[in-house]
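Here's the letter readout for the chains.
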Amino acid sequence: MKYILLADNSGDMLVIECTPNKKVIREPIKINDELSIICTVNSFISEYMKTYEWFGEDDYKSLERYNNVISAFKNYNNEDIIEYIRDVLKGNKGFMCQYDKSLNFETVWSSIFDLDSLVIYRAEGNPRRCKFINDERLKKK
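Predicted, not measured: the structure shown is a model, and the values here were computed from it. (Residues numbered from 1 in each chain as written. Predicted model: local features only at pLDDT ≥ 70, side-chain atom pairs only at ≥ 80, totals over all residues. Heavy atoms only, no water.)

Caption draft 1: Quick look at the sheet that holds strand β3 (residues 23-26). Strand order in the open sheet formed by three strands is β1-β2-β3, with antiparallel pairing between adjacent strands. Unpaired on one side and paired on the other, β1 (2-7) and β3 mark the two borders of the sheet. Adjacent strand axes in the sheet meet at a mean angle of 20° when their direction is disregarded. As paired elements, strand β2 (residues 13-18) and β3 share four bridges and run antiparallel to each other. Residue pairing for β3: Cys18 is matched across the bridge by Lys23. (Pairing = 2+ DSSP bridges. Helix = DSSP H or I, 4+ residues; strand = E, 2+ residues; numbered from the N terminus. Axes fitted to C-alpha atoms, helices over the stretch in contact; angles between N-to-C directions.)

Caption draft 2: How the structure looks around unusual backbone geometry. The phi angle at Asn78 is positive, at roughly 60°, despite the residue not being glycine. Along the chain, Asn78 falls in the loop between α2 (62-74) and α3 (81-90). Notably, Leu118 is not glycine yet its phi reads approximately 60°, a positive angle. Examined against the element boundaries, Leu118 turns out to sit in the loop between β6 (110-114) and β7 (119-123). Overall, the relative accessible area of 17% leaves Leu118 in the buried class. (Buried < 20%, exposed > 50% of the residue type's maximum accessible area, 1.4 Å probe, protein only.)

Caption draft 3: Highlighting α3. For α3, the set of buried residues is Ile82, Tyr84, Ile85, Arg86, Val88 and Leu89. Of the surrounding elements, those touching the buried residues of α3 are α2, β6, β7 and β8 (132-135). If you check the start of α3, you find a side-chain oxygen 3.0 Å away from the backbone N of Ile82, and it comes from Asp80. Looking one or two residues past α3, Gly91 carries a phi angle of roughly 90°, positive in sign. (Contact = heavy atoms within 4.5 Å. Polar contact = N/O pair within 3.5 Å; in protein donor to acceptor, adjacent residues only side chain to side chain.)

Scope: geometric values only; no functional claims are made or implied.
Given below as structure tokens:
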């Protein structure tokens with residue numbers, strides 16, 4: 001099973017949830033007149049694709065993490081959007097990456113894609129401990 005996030009600088013974005021034989025395209029969630037978000041985690045979100053979920057491994061609370069992202073943005077009040085998203089990914093707005101050490105599991109990376117400035121903010125590791133690096137490779141040269 002795969003989850004593919006696509007976005008462009010016009011603001012269009014979607015997630016494709018797919019298996020070799022089935023796919024569903026998820027549209028962004030509109031938070032208010034100016035803000036739409038899209039998020040993907042380690043499990044299918046669409047009801048149709050949940051029947052294809054493989055339950056043979058731990059998904060590390062992916063549905064809880066997804067719901068925390070959506071919930072956090074319902075409380076967004078026009079703060080600095082990049083800082084707000086960093087706080088969400090760090091777990092300051094609900095559970096994200098605060099895994100029990102006994103699980104022997106760690107977040108590998110977290111990313112924020114700013115479609116207006118074409119800057120990617122990437123934490124290479126757990127965002128609670130790793131700085132977000134500005135990656136400007138999408139900007140036209």
